[in-house]
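# Secondary and tertiary structure notes
Below, each chain spelled out in residue letters.
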Amino acid sequence: MSRSIVGLAFLLSLGAALASPPVIEAQAQVGRQATEALVFPELDFRPPEPDEHDVEGVSVLTLEDHTLPLVTIYVRFTGGYARFGRELYAAGTALPSLLRFGGTAQLTPDSVDKALEYYAFQTSFGTGGGSISINLNTLVEHLPSGLDLLAAMLTEPAFDPMEVEVWRGRQVESVARRGDDPGRLAFSEFNHLLYGDHPIGWEMDLADLDPANLSLERFREVHGRVVCRDNLILGLTGDLVWADIESLVDSFVKRVPPCAEPLPPSPIPTIRDEPGVYLIEKDLEQSVIVMAHATDLRLAAEPSYYAATIGNSILGGGGFSSRILARVRTEEGFAYSASSLWTIPREYDGLLGAITRTRPENTVPAVEVILRTMEELRVGAPDPGEIRTAVDRIVNGFVFNFDTPGQIVSRTMFYLAQDLPTDWLERYVEGVQSVTPASVLEAFSRHLRPDEMMILIVGDPDRIGREALSSLGPLTVLEIPVGR
Amino acid sequence: MAVALVMAGLAPSMSAQATPGELLPVREITLENGMRLVVLPRQGAPTVSFVSQFNIGGVNERLGTTGIAHLLEHMLFKGTTTIGTRNPDAEAALFREMDAVHDELLSARALGDEAGAAAHAQTIRELEDSARVFVESNEFDRILTRAGAQGLNATTTSESTIYFVELPTNRVELWFALEADRMMNPVFREFYSERDVVIEERRMRVETSPGGALLEAHMAAAFTMHPYGVPVVGYMTDLETLSRRDVESYYRRFYGPNNAVVGIVGDVDPDEIEALANKYLAQIPRGDDPPRVLATEPDQRGERRVTLEWDAEPQLRIGWRVPAGVHDDAPGLAILSTVLTGGRTSRLYRRLVLEDRVATSVFSSLGPGSRFPQLFQINAAPLGPHTTEEVETAVYDEIARIARDGPTENELERVHNQIAASSIRRVQSSLGLALQLVESVSLLGDWRETFRYAEKLRAVSSEDVRRLAAEYLVTSGRTVATLVKRSGS
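Parameters and conventions
Residues numbered from 1 in each chain as written. Chains lettered and ligands numbered in written order. Predicted model: local features only at pLDDT ≥ 70, side-chain atom pairs only at ≥ 80, totals over all residues. Core = buried A, V, L, I, M, F, W, Y, C linked by C-beta atoms within 7 Å. Buried ≥ 20, exposed ≤ 12 C-beta atoms within 10 Å, placed from the backbone. Helix = DSSP H or I, 4+ residues; strand = E, 2+ residues; numbered from the N terminus. Pairing = 2+ DSSP bridges. Axes fitted to C-alpha atoms, helices over the stretch in contact; angles between N-to-C directions. Contact = placed C-beta atoms within 7 Å. pLDDT = per-residue confidence, 0-100. Domains from an automatic or database assignment. Nonpolar A, V, L, I, M, F, W, Y, C, P; charged D, E, K, R; others polar. Expected span 1.5 Å × (residues − 1). Bend = angle between axes of the 7 residues up to and from the residue.

To continue, consider the nonpolar core. Counting 254 residues, the largest nonpolar core has I455 of chain A together with I264 and L352 of chain B as its most contacted members. Ranked by the residues each element gives to this core, the list is headed by helix α3 (residues 89-101) of chain A, at eight residues. In terms of nonpolar packing, the next biggest core, distinct from the first, is built from six residues, F95, M98, A131 and V135 of chain B among them.

As structure tokens, then:
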């Protein structure tokens, strides 16, 4: 009964409904002139900041939010398959799933499932190759049980052989189905083409999935190297008070053992630089096109970094306000989606390129439009209005970075893990406001080389036109075995 | 058991008492032109979510003009008589020329004159290029982008077309000004190139997607009369012949404010919202009440099967005819769906994926809409070398078991716990709440119904689930669609 009172209280706290009669105002003018005449008040907004605590050398971020009787625990371990050799690729990829599904020293997989359902915990376990992220959402009164169960799942995993086999079987099936989705095939092959045997270029194959690569020893090895205290950052948001949960968090952290050895550094990729057209022949009603080349711009290269992000927004990263979508979709009707990409890592080269899909007959014209659009920005500064649109999107949309406590804490955890300043977002928003047409031109003229793109196309060469394809550059046909 | 008791406390037991959700401080507004708004203020970051839902979708279409609701959704981002243009009169003159040439194109095509049709298509492209000189490209989007808008988009379903965007709260009036303008003064510029965009969307979602193609084949086989059988994106042949005038007249027919519901959730003042609604939206002229969908699907008198050959690994879809989402049996069918495939301990997941290992995935759902008799759907992908036949056999075996014995009390308690927890989690997102409130008003006439539904789910018994499985999941009401690998591929 007491919970229903709490329930009512939190819902009512969302705001008060006032039953005043409607106010009838004069009908408003609409249209461009009326819209431009609107004046918007400044937002009075002070972004909430998480508190940072040190627990046994582990950074723990907390952000209170008492609107709902829920708490979310965010766990991030730096480290993943990308830090290790190919022999640990399958085990490293499987690790988050097996932490969730593989049982613990005390609980069978089935018992873990039942406990999660009994307490109505909501969990997610994932990896991007460089880290493992785990979340658990719980009603506040079950937080002790949630932390206890999560600690057991993370630190005492059983890697149940049946669950390992289920995971392996589904991966084998996924390998067989790789060619079913032309988009997935294009992106994975493009990564492989550019990054070769670097982890970014790896695609799971049957050799990776040999049972020997998924032995208990392999799991123990990758688990021991990743799931340890020195790699851990923790976050908690929701209906909590630090003083009340400190001892619980302390116990949780102490159950995670210190790391036996530091993680090896992430390998530095060498990105292939052989411009031309790479074709995967497939009888399709729509070609998939991915193109890019390497750039050596780094995250720390201020102010070029800001000019590059604004420039990418103008080129094709900014949706309908960007040039590639405006040309390829709005003007030509070639494609439903078209965008550019400019990845700017901290420690190694990134990619600058574009992606689209179009009917076979429009494949080469669409590539040409994209390359032309790139060339225009390489040699000419963008319009100040384009800069304004890209910057306003970030500045006026700044408040959306603080829509939920989870967003704020997860972002800060990422900054800590990456050794970025915790006010990096604020610096970014300030930095983009200094971008000028000249600085965007400088970024593109220095880094963008439309005539040196590696262009991968999945499609039907008879309908695309082999000669037309060759007009884009040297043509290489890739033989990709797909299916069983 | 403790959890169930604790969480049941969040909502009063089955009495006439209101559920916590029903006590949310929602302001209901009905304008003189019939437009309905639901406004929910909530504390937090200074952001607000807007949802406009029109009761128009795939079911309002006919063969020959399929895909028109979805194409219209695209066109409503093209601007108005002042936004998106430098010279609306010059544009209008060119539209008339384009429409006339398109008529000639259709005549040529009807006569089999492909060369003539191609020449007319080229003329339309040239006219559209001429009109583009007067276009301020994507201006509607750009105004919102500069305002910091997030997630500007729309979606068309079988039964509704939904537009949504989130804005900082100091831009609330901007949304009203833009929405009123596009409801009163839309201009369907760049129509023929946008029609090509939609054709590319269909190529992406259907022509090159085995799952999309199988869904289309499944619905067409299951619904022979009712428009649920028609794909929302439209058939290719219809998309290639839809005209700008078709879409314009469709807009006039279905986009009256009396056919719209607006949801606004965020850090807003309901009084201010009501004043702005009266200022901007009340002036939109009321439209005709759209004609109701009268087509009904005849009784199914036996199993139907359809096979699709594709260059892809096998997939399976099974659908059984069940009542509409507003029917008294709908909550029980939703529980049945969760018992069968909701999570790792569900019956079909456990049997097919974990124990027998004949499938790599299995899901169930009710659809494709909710306003009319629909399907209880199961889709699964076999785990090689197992076949769709083995998956089917295991599915029918489990359904026979549940139709005989019903779910256990433990299974039901698990589902009820999930419902109780989700009833709290569902109010976390402003946009999610706005979508729920609007759909509740559109479908059931009252925003509170979305919260009452959780109570209806909680009232479902094991015997209810058993009865529904036995009554509806029968061979004679079943349509099975199988995707098989094309030989030689």
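Having seen the model, we can carry on.
Here we come to the sheet that holds strand β7 (residues 304-310) of chain B. All names here are of chain B. Across the sheet, five strands lie side by side as β7-β11-β8-β10-β9; this open sheet has mixed pairing. Single-partner strands in this sheet number two, and they are β7 and β9 (359-367). In this sheet, adjacent strand axes meet at a mean angle of 15° when their direction is disregarded. The pairing of β7 with strand β11 (residues 478-485) spans seven bridges and is parallel. Bridge pairing links R304 to T479 in β11. Against the sheet, helix α13 (residues 347-355) engages β9 and β10 (374-382), with an angle of about 155° to β9. Contacts between helix α14 (residues 388-405) and the sheet are confined to β8 (315-322), β9, β10 and β11, with β10 contributing the most and set at about 130° to the helix.

Moving on to the confidence of the model for chain B. All names here are of chain B. Looking at chain B, pLDDT values average 93 and 96% of them are 70 or higher. Under a pLDDT of 50 for its full length, residues 1-15 has, in the predicted model, 32 contacts with residues more than four places off or in other chains. Reported confidence for the predicted complex is 0.92 by ipTM and 0.93 by pTM.

So, about the domain arrangement of chain B. All names here are of chain B. Assigned domains within chain B: domain 1 (27-85 + 135-281) and domain 2 (304-485). When each unit is reduced to the centre of its C-alpha atoms, the spacing between domain 1 and domain 2 is 28 Å. Contact with domain 1, which involves 33 residues of that partner, is made by 28 residues of domain 2. Secondary-structure elements contributing two or more residues to the side of domain 1 that touches domain 2 are β2 (36-41), β3 (47-54), β5 (161-168), α8 (210-222) and β6 (260-266). Partitioning the side of domain 1 that touches domain 2 into residue classes produces 17 nonpolar, 12 polar and four charged.

Let us look at helix α9 (residues 242-255) of chain A. Spanning 14 residues, α9 of chain A covers 19 Å between terminal C-alpha atoms, matching the ideal 20 Å at 1.5 Å per step. Of all the bends in α9 of chain A, the largest measures some 25° and sits at L248 of chain A.

Contacts between chain A and chain B engage 75 residues on the former and 83 residues on the latter. Looking at the side of chain A that touches chain B, the elements that each hand over two or more residues are α1 (2-12), α2 (32-37), α4 (109-118), α6 (161-176), α11 (323-331), β10 (350-358) and α13 (384-396) of chain A. Per-element tally for the side of chain A that touches chain B: the top contributor is α1 of chain A, with six residues. Here the residues of the side of chain A that touches chain B sort into 35 nonpolar, 19 polar and 21 charged.

Residues and elements named next belong to chain B. The strand order β1-β2-β6-β3-β5-β4 describes an open sheet built from six strands, whose pairing is mixed. With one partner strand each, in any of the chains shown, β1 (27-30) and β4 (150-156) form the two edges of the open sheet. Within the sheet, the average angular offset between the axes of one strand and its neighbour, ignoring direction, is 15°. Bridging between β1 and β2 involves four bridges; their strand directions are antiparallel. Bridging from a neighbouring strand, R27 pairs with V39 of β2.

Right, let's get into the domain arrangement of chain A. Frequently, the measure chosen for interface size is the accessible area removed from exposure when the parts meet. Residue and element names in this part refer to chain A. Under the domain assignment used here, chain A contains domain 1 (51-255) and domain 2 (276-477). Counting residues at the interface gives 21 residues for domain 1 and 19 residues for domain 2. Taken together, the elements giving at least two residues each to the side of domain 1 that touches domain 2 come down to β2 (58-64), β3 (70-78), α7 (182-195) and β6 (232-238). A per-element tally of the side of domain 1 that touches domain 2 places α7 first, with nine residues. By residue class, the composition of the side of domain 1 that touches domain 2 is 11 nonpolar, seven polar and three charged.

With that settled, consider unusual backbone geometry. The linkage connecting E302 of chain A with the following residue, P303 of chain A, adopts the cis geometry, with an omega of 0°. On the secondary structure map, P303 of chain A appears in the loop between β8 (287-295) and α10 (304-317). Here G384 of chain B and P385 of chain B are connected by a cis peptide whose omega angle stands at 5°. Tracing the chain through its elements places P385 of chain B in the loop between β10 and α14. Positive phi outside glycine occurs at E56 of chain A, with the angle close to 55°. Note that E56 of chain A resides in the loop between β1 (51-55) and β2.

A few words on the environment of G224 of chain A. Locating G224 of chain A in the fold gives a position in helix α8 (residues 216-226). As a C-alpha pair, G224 of chain A and G465 of chain A span 241 residues in sequence and 53 Å in three-dimensional space.

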